[in-house]
Amino acid sequence: MEQNRDDLARGEIGRDLRDNIARFRRLLYSDINTDTHFRMFEMAGRDVCVVYIDGMADEKKISEFVLRAGAEAGPAQDGPVDAAYLIRRVLQIAQCETENRVKAILDGIASGMAAVLLSGCDDAVLMDIRGYPSRPVNQTTNESVVIGPQEGFVENLRTNITLLRRYVPSPGLIAESMEVGTRVSCRVCLVYLKEAADERIVSELRRRLKCIDAPSVQGIGAIQQLIEDSPWALLPQMLQTERPDRAASFLIDGQIVILAENSPYALAAPITLFHQLHTSDDSFARWQYGTLLRLIRIWGMLISIFLPGLYVSLTDYHMHLIPLSLLGSISEARANVPFPILAEILIMEFSFYLINEAGTRIPKQIGSALGIVGALILGQAAVSASIVSPILVIIVAITGLGNYAVPDYSFSLGLIICRLFVIVLGSLYGLYGICVTAFCMLMGICGMRSVGLPYVAPIAPQERHNPDILLRLPIWLQRRPMFFSKAGRMKPRAKQGGAR
Amino acid sequence: MRGCIAAAVLVAVGMSLSACSPSMEVENQAYVLVMGIDRTENGEIELTIRIPKIGQSESSNGGGKDEASPYLTYAVRAGSYARAIDALQVMVPRELNLSHIKLIIASERIAGRSDFRELVDQIAETPHLYNTARFIVCEGSAGDYAKRMDSVIGTRLSAEIDAWFDHCIQQGFIPDSCFADVYYASNSLYSDPTAVWGFMDSGEADRAASLNLDSPMRRDAVMESPSQLFLSGAAVFRGGTLALRLDNGETQLLNLALNQTRSISVALAGKSYELTRAHRSKKSVSSEKNNPRVELEISLTCEDQITNGQASAIEAALTDSLLALVRKCQSSKVDPFGFAELAAGRFLTTGEWIDYNWRSRFAQAEPRIVVHAKSSAVP
Amino acid sequence: MKLRVSPKPAAFSACAAMAARVFCGLSVDCVSPGYAAWLSAIIGAALSVPVLWMYGHVSVVGGRTARTAFQGFILAASLTGSAVTMADIAHSAGYLALDRVAPAVLLLPAALALFWCITRNGDSIGYAAMIWARLFALLLLIVVILQFPYYRPEWLRPILGSGWSTVARNAVRAAGWFCTIGGIWIFREDGGEGRSGKNAILLSCAVSGAIAALLLALHAMLAPAFYSGAALSWQLRLDALLTNGRTPLYLQMPMIILWYGGLFHLLGCEGFAAAMLLQQMAPRLDGRVCAGAVTLCASALALSGFTGSRLLALLIRYQYIAAAGFCAIVAARGGLQTCADA
């Protein structure tokens, strides 16, 4: 049965309208799927059938610009009545095209388009009259800024492209659409600025997207996993942003942005490690403030990775590096704690992750209660019950703050995994273990690539760059093209990674 | 391949975990803060250590006599330093941790022995004793001196020791040196090291003997602590053995020559003058025939208005005192002034420098002291 | 997996490794560290330049046999260098905290790091060295600021230390290290020929020589060399370097990070050079197999005690002479052959 369905979806439509309708009825399961509509009527003297899914296509537009236009249209005067004639003379829809492939028509209907099937014609008209409900453009939820635009991407691809065009009003802004997913397709859009983006990087990304052979692709996160260079690496090599202004700045720098239907995020590539530490605030604030904020973020990142491991290694192995007065405090605080420091810190860390994860999933109405329970009651009770020492609560809290200072969510999750390695190695080997871990992490990020370009460029390899990497110096000094742009010198390494 | 790598990593982690299981928890350590080293009548090494109690769970009956004291005191005697450390390890109820020693006290008796340098080397080689400690040579028993160390400033012994030493160094009555300085200088080719001289208030006679009350420097220059311990003066080592003792006034002058103190107080004709170093003191060594000539030039300013006559008197008094100090050191064949470093710079190789035999040359050297004193006050 | 390295990453990696190796070799790895080691580092760098220059001729005029022989020489030197570095790392870990842990366990993280590092390939090692160069400068600045009041410049004199013979002996050892680590240039992916390649050699030698000399001078100003000349234990040598006793202990963390960081980059560079040369000599071997073989061999050598043996000390003393002699012979024969062909 399933095999028959696949056979039906293959090939092109025929000239017999009834056969075509029967074919699509079977393909759309209209006997059990009550959402599918097959509206028969006459248009320009021909029997036609409009096929659409209720709720996905805009019924008002169908009534106004298809049915009424069909009823008002007289018999054909200049040539045969076919799909091209309907588009030219009858249908008052801006986006419509002829299509004869059953699969394409089927995918179009599934994504909210309406198809007009004609009797005696082996072409159908596919009309973009999507009318499904979508969220209006709202404030960003995860990438809030103090200064700067407040609007974020939404789930509607068209709206997102429009947002980008508003920020980059250039004729060179290209939006290439394509479908990915072999069974359930997803519409994605490769957006780039023709004058800025390096064609080789665009081609490489286009190749990777086209190579995706997954049955279904659920949004931008799945696309990222399928086209990244190093899927085993802990840190992301592409950046997701929900801010159109940020995506626009990537486009202007020569990066490529990928948008997907139903994803309120844009995926930017190629990126470097340093992009993960930048935010929109940096650009909108004066350079002194931007520099300060970046330093704070870098500090936060270092604390997030190393502080708990450092605490374990210093207290377990290198007491001589702790000032004696502080050492006394730590010893006294730990005197009644029954667990070794490693266990203590792991208990506290995982409690923190638990609170974090619960806080993300919990309804907003009771979120504040969780904060109180997690932060105040549990922490206080754990200290009172001598499960953990007070100083460790401080360490874990500062670590958590450091992690929150990292702007990119995926990146911060990667840092948490790195932190666990540092804690374990620090508890086994002290500073030696921490240095080994740091060295391996350094080697790891130096070996990573984003769309074939080194992840730690332009520091390593050294490329001429704007003073906007770790620090952010005045805006009038930032006139160089980015190293990955068309005007930049660095070219991607061929055939790096690719779609899986 | 991946399976092999994963297995190798698992084995590695397993081995690491098994090897590191006896962890050193911070609260299980006995942090030695003070260590006294002495030699008994029958030639045994006596080590006395003081350890702070941790929390309220630690009882004070582990060797400490004073229940109220926040510290535990342990003392052992053994044939050698290494055996004494081993004995302490057995005696102390927690893991002995020497990484935070703040003070090493050696008695005058042990520091004057010819084998003291070997003992210093052994202390420096003790695992995890990172020899950043202060170093005192004391009169009488080092153990008694260590036992009297109690908290005075703040709540922690370390704070007291640091504050105590810093204050004394600022005043110039003790040299600014630590155990590592003595250790390195004893083994190197340069000037002779100095350590802090300490004594206990065991009687007026002892105190008078320890302080130079006839010095032109301030007469009440004694740092007295409620625990009746004093730091005053310097012990100068030659080849790692105590060779000379300087009183507080002499140490102040030595510190002035070494640029380790900025001000000095001089009492003349019943009046006290506060003098501040105008420039860094200049030292030079010049060769005349076989014997070198050592020169020291010090410029001081007085904040008060002084006449030319008073300035001359101050210059003369200080010149005489410095000259006496240099001659005293020459007679003991020790050079704590740093002339050796200057003289060594004139040689190309250490062989030539060793052949030059600086100690003997210095003893024969002709010292020249120049002191300038002037008023900085606007007339 | 093909092990390869591009010119610029190779230069950075070798530069970091040379500075670290010469510093270690003339301070911590030296049983009786002498005065004037900084001078030996400078002279060693100067001595190595002509040999590194001649390396280019080995591949041009020496033919396959000479090239293979020289690859073998550099491979052996890099492998023993990796082993020595692993032993240094283990000693340092033991000195700082883990003195009761078995040496094999101490070597494990270093071995895993070495394997991971080689399998990341040469460019990653070079990029890491580029980042390390910046971190190194920052950490060194912090260390110098923290230790500044404790430096004694007068301890650098007498200027020649124990004399010309010691200076020359140490300079020859340093030159040997410069020459063997510099081999990574000549045997890299695109060869070492060309003007830019030679300039890179000169520049890297000069920079690493200067850095090593600076570090040795700073070290000498903090802890004087002992006049007794007796062999010092690892404990004392690391004591003088890492904790020293003359600066507050809690300020020593940057120094420890600097030390470990330098050693790991040295290990990565030497280990990668050995693995790359092994693959070039046996092209059928996969890069990961070469990495595993080098890691195992270096670990075994470090565990065996060979790294502290007199034989190795002797070999290190003469590795410069061997390299220079070999280059001179090959260049001379090549020159004669060229004349005959003409």
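The shown structure was predicted, so the numbers you read here are calculated from the model rather than taken from an experiment. (Residues numbered from 1 in each chain as written. Chains lettered and ligands numbered in written order. Predicted model: local features only at pLDDT ≥ 70, side-chain atom pairs only at ≥ 80, totals over all residues. Heavy atoms only, no water.)

Along its length, chain C carries eleven helices and zero strands. Starting at the N terminus and ending at the C terminus, chain C contains elements arranged as α-α-α-α-α-α-α-α-α-α-α. In chain C, buried positions account for 60% of the 342 residues. Of the contacts made within chain C by residues no fewer than 6 positions apart, 87% connect residues no fewer than 24 positions apart. When the accessible surface of chain C is summed, it comes to about 12,700 Å², and 68% of that surface belongs to carbon and sulfur atoms. (Helix = DSSP H or I, 4+ residues; strand = E, 2+ residues; numbered from the N terminus. Buried < 20%, exposed > 50% of the residue type's maximum accessible area, 1.4 Å probe, protein only. Contact = heavy atoms within 4.5 Å. Areas by Shrake-Rupley, 256 points an atom, 1.4 Å probe, with all protein chains shown as cover.)

Time to look at the overall build of chain A. A tally of regular secondary structure across chain A gives 17 helices and twelve strands. Per-residue burial for chain A yields a buried fraction of 53% across its 500 residues. Long-range pairs, those at least 24 residues apart, make up 67% of the contacts in chain A with a sequence separation of at least 6. Here chain A has roughly 22,200 Å² of accessible surface; of this, 59% comes from carbon and sulfur atoms.

Moving on, we come to the interface of chain B and chain C. How big an interface is tends to be stated in terms of accessible area lost as the parts join. Taken together, the contact pairs 38 residues of chain B with 41 residues of chain C. Counting each side, the surface lost to burial between chain B and chain C is near 3,300 Å², with a carbon and sulfur contribution of 63%. Considering only the side of chain B, the residues that lose the most area to chain C are Tyr130, Tyr184 and Tyr190 of chain B, jointly responsible for 21% of the buried surface there. Inspection of the region where chain B meets chain C yields two salt bridges. For arginine 100 of chain C, the salt bridge goes to glutamate 95 of chain B, with nearest N and O atoms at 2.2 Å. At the junction of chain B with chain C, the criterion picks out seven residue pairs in polar contact (both at pLDDT 80 or more). (Buried area = accessible area lost by both parts, 1.4 Å probe. Salt bridge = Lys/Arg side-chain N within 4 Å of Asp/Glu carboxyl O. Polar contact = N/O pair within 3.5 Å; in protein donor to acceptor, adjacent residues only side chain to side chain.)

Moving on: the sheet that holds strand 2 (residues 46-53) of chain A. Residues and elements named next belong to chain A. Taking strand neighbours across the sheet as the criterion, the five strands line up as 1-2-4-5-3 in an open arrangement whose pairing is antiparallel. A strand with exactly one partner marks an edge of an open sheet, and here the two such strands are strand 1 (36-43) and strand 3 (96-99). Averaged over all neighbouring strand pairs, the angle between strand axes comes to 25 degrees, with direction disregarded. The pairing of strand 4 (residues 114-118) with strand 5 (residues 124-127) spans four bridges and is classified as antiparallel. Counterpart to leucine 117 in the pairing with strand 5 is alanine 124. Running at roughly 25 degrees to strand 1, helix 3 (residues 59-72) makes contact with strand 1, strand 2, strand 4 and strand 5 of the sheet. (Pairing = 2+ DSSP bridges. Axes fitted to C-alpha atoms, helices over the stretch in contact; angles between N-to-C directions.)

Moving on to the pattern of salt bridges. Close approach of charged atoms lets side chains of opposite charge pair. For the structure shown, the criterion picks out 42 salt bridges over all chains. Linking glutamate 344 of chain A and arginine 334 of chain A is a salt bridge whose minimum nitrogen-to-oxygen distance equals 2.3 Å. Of this pair, glutamate 344 of chain A sits in helix 13 (residues 341-361) while arginine 334 of chain A sits in helix 12 (residues 324-334), and the two are ten residues apart along the sequence. Residue classification places glutamate 344 of chain A among the buried positions, given a relative accessible area of 0%. Of the charged contacts in the structure, one is a salt bridge between glutamate 295 of chain B and arginine 368 of chain B, with a shortest N-O distance of 3.4 Å. With glutamate 295 of chain B in strand 15 (residues 291-302) and arginine 368 of chain B in strand 16 (residues 366-375), this residue pair connects regions lying 73 residues apart in the sequence. Looking at glutamate 295 of chain B, the relative accessible area reads 22%, which means it is partly exposed. The exposure class of arginine 368 of chain B is partly exposed, given its relative accessible area of 37%. What you see here is one network of salt bridges that share partners, running through Glu176, Lys194, Glu199 and Arg206 of chain A.

Once that is clear, we can look at the pairing of strand 2 (residues 34-39) of chain B. Residues and elements named next belong to chain B. Of all the six residues making up strand 2, six are buried; the element is thus mostly covered by neighbouring parts of the structure. A two-sided burial pattern is seen for strand 2, the buried positions comprising Val34, Gly36 and Asp38 on one face and Met35, Ile37 and Arg39 on the other. In this structure, strand 2 lies alongside strand 3 (residues 45-52), joined through six bridges in antiparallel fashion. Across the sheet, the residue bridging to arginine 39 is isoleucine 45, located in strand 3.

With that settled, the discussion passes to the packing of helix 13 of chain A against helix 15 (residues 390-405) of chain A. Residues and elements named next belong to chain A. Direction vectors running N to C along helix 13 and helix 15 enclose 45 degrees, while the axes themselves pass 10 Å from each other. The angle between the axes of helix 13 and helix 15 places the two elements in the oblique class. The handedness of the crossing between helix 13 and helix 15 comes out as right-handed. Contacts between helix 13 and helix 15 involve Glu344, Ile345, Met348, Glu349, Phe352 and Asn356 from the first element and Leu392, Val393, Val396, Thr399, Gly400 and Tyr404 from the second. Tallied by class, the residues present in the contact of helix 13 with helix 15 amount to seven nonpolar, three polar and two charged. (Parallel < 35°, antiparallel > 145°, perpendicular 65-115°, else oblique. Left-handed = near helix turned anticlockwise from the far one by under 90°. Nonpolar A, V, L, I, M, F, W, Y, C, P; charged D, E, K, R; others polar.)

Residues and elements named next belong to chain B. With six bridges connecting them, strand 12 (residues 263-268) and strand 13 (residues 271-277) associate as antiparallel partners. Counterpart to leucine 268 in the pairing with strand 13 is lysine 271. Here strand 12 folds back onto strand 13 in antiparallel fashion, the turn holding two residues, of which alanine 269 has a positive phi close to 50 degrees. With three bridges joining them, strand 13 and strand 15 adopt antiparallel strand pairing. Bridge pairing in strand 15 links threonine 276 to threonine 301.

It is worth spelling out the nonpolar core at this point. Note on soluble globular proteins: their nonpolar side chains tend to be buried together. Core analysis: the biggest nonpolar cluster contains 263 residues, and Leu259 and Tyr432 of chain A, Tyr145 and Trp358 of chain B together with Tyr55 of chain C have the highest contact counts within it. The leading source of residues in this core is helix 9 (residues 253-281) of chain C, at 17 residues. For leucine 259 of chain A, the contacting residues outside a window of four places in its chain are Phe153, Leu157, Asn160, Ile161, Leu164, Arg187, Val188, Cys189, Val191, Ile220, Tyr265 and Ala266 of chain A. (Core = buried A, V, L, I, M, F, W, Y, C linked by side-chain atoms within 4.5 Å.)

A separate point is the packing of helix 3 (residues 63-96) of chain C against helix 9 of chain C. Residues and elements named next belong to chain C. Following both chains from N to C, one finds helix 3 and helix 9 inclined at 150 degrees, their axes separated by 8 Å at the closest point. It follows that helix 3 is roughly antiparallel to helix 9 by the angle criterion. Taken as a pair, helix 3 and helix 9 cross one another with a handedness that is left-handed. Per-class residue counts for the contact of helix 3 with helix 9 are 19 nonpolar, ten polar and two charged.

Facing the 33 residues of chain C at the interface are 28 residues of chain A. Taken together, both faces of the contact between chain C and chain A bury some 2,800 Å²; the carbon and sulfur share is 78%. For chain C, the biggest contributors to the area lost against chain A are Tyr127, Met253 and Phe264 of chain C; these three give 20% of the whole. There are zero salt bridges connecting chain C and chain A. At the surface where chain C touches chain A, the tally comes to five residue pairs in polar contact (both at pLDDT 80 or more). Per-element accounting of the side of chain C that touches chain A gives the leading share, nine residues, to helix 4 (residues 103-119) of chain C. Class assignment for the residues of the side of chain C that touches chain A results in 25 nonpolar, four polar and four charged.

Adjacent strands of a sheet form backbone hydrogen bonds with each other and so pair up, either parallel or antiparallel. All names here are of chain A. Ordered in space as 6-7-9-10-8, the five strands form an open sheet in which the pairing is antiparallel. Since the sheet does not close on itself, it has two edges, and those belong to strand 6 (173-180) and strand 8 (239-241), each with one partner. For this sheet, the mean angle separating the axes of adjacent strands, direction not counted, is 25 degrees. With four bridges joining them, strand 9 (residues 256-260) and strand 10 (residues 266-269) adopt antiparallel strand pairing. Looking across to strand 10, one finds that valine 257 is bridged to alanine 268. On top of the sheet, helix 8 (residues 219-227) reaches strand 7 (186-193), strand 8, strand 9 and strand 10; it is set at about 130 degrees to strand 9, its chief contact.

Here chain C averages 85 in pLDDT, and 90% of its residues register 70 or above. Here helix 11 (residues 310-341) of chain C stands out as the least confident element of chain C, with mean pLDDT 76; helix 10 (residues 287-304) of chain C is the most confident, with 94. (pLDDT = per-residue confidence, 0-100.)

So, on to the environment of serine 376 of chain B. All names here are of chain B. Considering the arrangement of structural elements, one finds serine 376 in the segment after strand 16. Take serine 376: its relative accessible area is 45%, and that puts it in the partly exposed class. Separated by 98 residues in sequence, serine 376 and alanine 278 have C-alpha atoms that sit 9.6 Å apart. If we ignore the near neighbours within four places in the chain, the residues touching serine 376 are Thr301, Cys302 and Glu303.

We now examine the side chain of threonine 437 of chain A. Residue position: threonine 437 of chain A is located in helix 17 (residues 431-447). Threonine 437 of chain A gets classed as buried once you look at its relative accessible area, which sits at 9%.

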